[in-house]
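Structural characterization, general
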Amino acid sequence: MKKVKLPTTVESLQAQLSKECKEHEAELKSLKKELDKEKLRSLANSTMIDLAEKTFNISIRKNPMPSNQRLVSGQSSRGSNNLCKLSL
């Protein structure tokens, strides 16, 4: 186990706490910046998917209905109804 050197004076303790506080503030600033970047990336991806779905009239996102409910409601998950219509 790593030994930690404890400060022996109040001044050294204050200096150590001040240093740790600055390190934590820098880490927090970095994490906030990274979070903002990820939020922007997520928004860009969502916008790109919306645009592709409208432009090409396709469904990219998953359906919210579970597959077993689609089968019960008569919807096909693989489009077999279209195949049956074509063979008629």
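Read on for an overview of the structure. Throughout this document, residue positions are counted from 1 along each chain, in the order its sequence is written. With the structure being a predicted model, the display of local features is reserved for residues of pLDDT at least 70 and the display and counting of side-chain atom pairs for 80 or more, all residues being used for whole-chain, interface and lining totals. Note: side-chain values were computed over all heavy atoms of the structure, leaving out hydrogens and water.

1. Quick notes on the overall build of the protein
- Labels follow the DSSP assignment, with helices taken as runs of H or I lasting at least four residues and strands as runs of E lasting at least two, numbered in each case from the N terminus. Check the secondary structure of the protein and you find 3 helices and 0 strands.
- The secondary structure elements of the protein, listed N-terminal to C-terminal, are α-α-α.
- A simple rule labels every residue: compare its accessible area, found with a 1.4 Å probe on the protein chains alone, to the largest value its type can have, and call it buried under 20%, exposed over 50%, or partly exposed in between. Across the 88 residues that make up the protein, the buried fraction comes to 3%.
- Carbon and sulfur atoms provide 60% of the accessible area of the protein, an area that totals close to 8,800 Å². The Shrake-Rupley method, run with a 1.4 Å probe, gives the accessible areas here. Residue values count only the displayed protein chains as cover.

2. Some thoughts on helix α1 (residues 10-56)
- The span expected for a helix works out to 1.5 Å for each residue beyond the first. Taking 1.5 Å of rise per residue, 47 residues should cover 69 Å, and α1 covers 68 Å from first to last C-alpha, within 8% of that figure.
- Remark: N57 follows α1 within two positions and exhibits a positive phi of approximately 50 degrees.

3. Side note on the pattern of salt bridges
- Here, a salt bridge means any side-chain nitrogen of Lys or Arg that lies within 4 Å of a carboxyl oxygen of Asp or Glu. What the rule picks out here adds up to 3 salt bridges.
- We note a salt bridge from R41 to E38, for which the minimum N-O separation is 2.9 Å. In this pair, R41 and E38 are both assigned in helix α1, 3 residues apart and thus about one turn of the helix distant.
- Under the relative-accessibility criterion, R41 is labelled partly exposed at 48%.
- The partner of R61 in a salt bridge is E53, with the nearest N and O atoms 3.4 Å apart.
- Under the relative-accessibility criterion, R61 is labelled partly exposed at 35%.
- Salt bridges here are not isolated pairs; linked through shared partners, they connect D50, E53 and R61.

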